[in-house]
Amino acid sequence: MPDPNGFLRYDRRLPARRPVPVRITDWREVYPPAGEELIREQATRCMDCGIPFCHDGCPLGNRIPDWNDLVRTGGWDAAVESLHATNNFPEFTGRLCPAPCEAACVLGLGGQQPVTIKQVEVEIADAAVARGGLRPQPVPAPTGRSVAVVGSGPAGLAAAQQLARAGHAVTVYERDDALGGLLRYGIPDFKLEKRHIDQRLAQLAAEGVRFRSGVDVGVDVTAEQLRAEHDAVLLACGALQGRDTPETPGRALRGVHQAMAHLVAANRVVAAAGEGRPAPATLPDGTPIDAAGRHVVIIGGGDTAADCLGVAHRQGAAGVHQLDLYPEPPADRDAERDPWPTWPWVLRSYPAHEEGGERVFAVAVQEFVDDGTGQVRAVRIAEVTVEKVNGRRIVTALPGSEREIPADLVLLAIGFEGTEEQPLLGQLGVTRNGRGAVDARPDWQTSGDGVFVAGDMHRGASLIVWAIAEGRAAAAAIHAYLGGAGTLPAPVDPARQPLAAR
């Protein structure tokens, strides 16, 4: 039984981050291991609340109070088992998820700080490696059925592991040269060192999953070939179509890029360094996209923008401004706007923000300014107000508020418009909806029989926990479609949405 007084005896504490002057000189993770004493103390704060709303905040349905109490009592092996019962990759979510479970923690009702669920989770996940590695789970007798998974991000890998453990032959296709999807080339190492991906891929390979990287399905392998070789297909290609601003004057200038292009180039440089070979930060066509010595402007206020900020610091930017269209959020939850246990709109500062740079709120870019040679030299911004009228966003610039910010490199981190248009979709007879995503029927099938979809490709750009949850649920649907014995866990259905006030 959990300690009902733990939250009264201990305050919320996180491990100290590595010092800023040290960490910006390398690409290692910002947080060091927390230590067993601190994690036991924090797990003790999880009280016996009776109805744990953290379960609803997390789409995976993680058994949070269970493994918190196991950590409190020193039952680490059981905690590892409990955590993996609902989450294939807790070492990923514990590092990357913004933790909607913490926003739904019952302690928030009484004005207390929530349990450090995310930190406890990552420590349990790391303990699994330290206490014997990620042991492959024995594969049952093969079913003789085969599944193709297109995309090796968290949704595709979660589905692949679930299906392989059910006895199906699974092949994961990835168009990049290395596996991991957005985790590999979209997330900087200071948030997720790539050894964590490699450890998990080794486990999946030992469980029978086959990987084919550098294969652009729809080009190198046609949909017809895919359907001929496999009994079912899962599309898990993500939602990487970056939102753009083509109407802004100067958008075509050199030095104005999508944020993801910057992150991918930086990740490739770090990966090459780890292999002992040099590589410049460039686009595929050779265009430099390095922040070293440059005045960088990042447009956007979310995770991707913060990732670009941290990368710019480590590349040695001369200065960085991060622009946000919306006013500065409050420090605490507004109960009328976002009642507990919903995800609140509050000011979120990432480790990258304490490393430097300036955040500018309630502004919009009016023009990317030319230096006379076709290269951006500044952005002209104006203060703005934003309001919703009949569901549409109306942005109004305040007269007389315009000014320029120096900019040699501008990164657009303003969201994503869904999955990319690609030959595979047409070959399968699958279309994107108005949000740029691919619709799924209640059984996770698309408009094509035997063709399933999961993750951001179905939901649109979302959280890693939703990707894993959808991957697990789609795997359960595929298992049933193939006539597999028994059932697999299905934590969500295609219509499931995050907790929200109605």
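Residues numbered from 1 in each chain as written. Predicted model: local features only at pLDDT ≥ 70, side-chain atom pairs only at ≥ 80, totals over all residues. Heavy atoms only, no water.

Asks: When you look at the overall build of the chain in this model, what are you seeing that I'm missing?
Replies: A tally of helices and strands in the chain yields 18 helices and 14 strands. Relative to the compact-globule value of 23 Å for 502 residues, the chain shows a C-alpha radius of gyration of 23 Å, a close match. Across its three principal directions, the C-alpha atoms of the chain cover 70 × 60 × 55 Å. For the chain, the residues scored as buried account for 53% of the 502 residues in total. Taking the contacts inside the chain whose residues are at least 6 apart along the sequence as the reference set, 69% of them involve residues at least 24 apart. Accessible surface for the chain amounts to roughly 21800 Å². Of this, 51% is attributable to carbon and sulfur atoms. Here the chain holds 50 positive side-chain charges and 63 negative ones, and the gap between their average locations is 2 Å. (Helix = DSSP H or I, 4+ residues; strand = E, 2+ residues; numbered from the N terminus. Rg over C-alpha atoms; globule rule 2.2 N^0.38 Å. Buried < 20%, exposed > 50% of the residue type's maximum accessible area, 1.4 Å probe, protein only. Contact = heavy atoms within 4.5 Å. Areas by Shrake-Rupley, 256 points an atom, 1.4 Å probe, with all protein chains shown as cover. Lys, Arg positive; Asp, Glu negative; His and termini not counted. Charge placed at Lys NZ, Arg CZ, Asp CG, Glu CD.)

Asks: Explanation requested: the pattern of salt bridges in the structure shown.
Replies: Any two side chains of opposite charge can pair, so long as their charged atoms come close to each other. A complete count under the given rule lists 32 salt bridges for this structure. Linking R72 and D69 is a salt bridge whose minimum nitrogen-to-oxygen distance equals 2.6 Å. Taken together, the residues R72 and D69, both in helix α5 (residues 64-72) and three residues apart, mark about one turn of the helix. Residue classification places R72 among the partly exposed positions, given a relative accessible area of 25%. Look at D69 and you get buried, because its relative accessible area is 14%. Between D177 and R268 there is a salt bridge whose closest N-O contact spans 3.3 Å. Here the residue D177 occupies a position in the loop between β2 (169-174) and α11 (182-185), and R268 occupies one in helix α14 (residues 259-274), the gap between them amounting to 91 residues. Three or more residues joined by partner-sharing salt bridges are found here, namely R17, R23, R314, E354 and E355. (Salt bridge = Lys/Arg side-chain N within 4 Å of Asp/Glu carboxyl O.)

Asks: Help me out: how do you make sense of the environment of V360 in this one?
Replies: Following the sequence through the fold, V360 ends up in strand β8 (residues 358-360). When its relative accessible area of 8% is taken as the criterion, V360 is described as buried. In the structure, V360 is positioned 96 residues away from V264 in sequence and 25 Å away in space, judged by C-alpha atoms. Once residues lying within four places of it in the same chain are set aside, the contact partners of V360 are H321, Q322, L323, D324 and R403.

Asks: Any chance you could explain the side chain of H479 here in plain terms?
Replies: Within the secondary structure layout, H479 lies in helix α18 (residues 464-481). By relative accessible area, H479 is classed as buried at 3%. When sequence neighbours within four positions are dropped, the list of residues in contact with H479 reads L163, A166, H168, G484, A485, G486, T487 and L488.

Asks: How should I be thinking about the nonpolar core in this particular structure?
Replies: Across soluble globular proteins, nonpolar side chains show a tendency to be buried alongside one another. Ranked by internal contacts, the top residues of the largest apolar core, which has 68 residues, are W67, V71, I124, V170, L234 and I478. With 10 residues, α18 is the largest single contributor of residues to this core. (Core = buried A, V, L, I, M, F, W, Y, C linked by side-chain atoms within 4.5 Å.)

Asks: For this particular structure, what's the right way to read the sheet that holds strand β7 (residues 319-323)?
Replies: Two modes of strand pairing occur in sheets, parallel and antiparallel, and in both the strands are linked by backbone hydrogen bonds. An order of β5-β13-β6-β7-β8 is seen for the five strands of this open sheet, with the pairing classed as parallel. The sheet is open, and its two borders are formed by β5 (256-258) and β8, each paired with just one other strand. Each strand axis lies, on average, 20° off the axis of its neighbour in the sheet, ignoring direction. Relative to β8, β7 runs parallel, the two sharing three bridges. (Pairing = 2+ DSSP bridges. Axes fitted to C-alpha atoms, helices over the stretch in contact; angles between N-to-C directions.)

Asks: Whenever I open this one, unusual backbone geometry confuses me. Can you help?
Replies: Negative phi characterises most residues that are not glycine, and trans characterises most peptide bonds. In this structure, P341 follows W340 across a cis peptide bond, with omega equal to 10°. A positive phi angle, near 55°, is found at A362, a position not held by glycine. Residue placement: A362 occurs in the loop between β8 and β9 (363-370). For N390, which is not a glycine, the phi torsion comes out positive at approximately 55°. With respect to the secondary-structure elements, N390 resides in the loop between β10 (376-389) and β11 (392-397).

Asks: Would you mind going over the pairing of strand β1 (residues 146-150) with me for this structure?
Replies: On a regular strand, each side chain points to the face opposite its neighbour's, so the side chains alternate between the two faces of the sheet. With five of its five residues buried, β1 lies for the most part within the structure. Residues S146, A148 and V150 of β1 are buried on one face, and the alternating residues V147 and V149, pointing to the opposite face, are buried as well. One ladder, built from five bridges, connects β1 with β2; its direction is parallel. Paired with V147 across the bridge in β2 is V170. Each parallel crossover has a hand, and the one from β1 via helix α10 (residues 154-165) to β2 is right-handed. Pairing of β1 with strand β4 (residues 232-235) involves four bridges; the strand directions are parallel. Its bridge partner being in β4, V150 is matched across the sheet by L235. (Right-handed = clockwise from strand over helix to strand, strands pointing away.)

Asks: What exactly am I supposed to notice about the packing of α10 against α18 here?
Replies: A packed helix pair is summarised by two numbers, namely the angle formed by the two axes and the spacing between the axes. Two elements in contact, α10 and α18, have axes whose closest approach is 7 Å; the angle formed by their N-to-C orientations is 35°. As for the relative orientation of α10 and α18, their crossing is right-handed in sense. Mapping the contact onto sequence places P154, A155, A158, A159, Q162 and L163 in α10 and I464, A467, I468, G471, R472, A475, I478 and H479 in α18. When the residues that make up the contact of α10 with α18 are grouped by side-chain class, the tally is 10 nonpolar, three polar and one charged. (Left-handed = near helix turned anticlockwise from the far one by under 90°. Nonpolar A, V, L, I, M, F, W, Y, C, P; charged D, E, K, R; others polar.)

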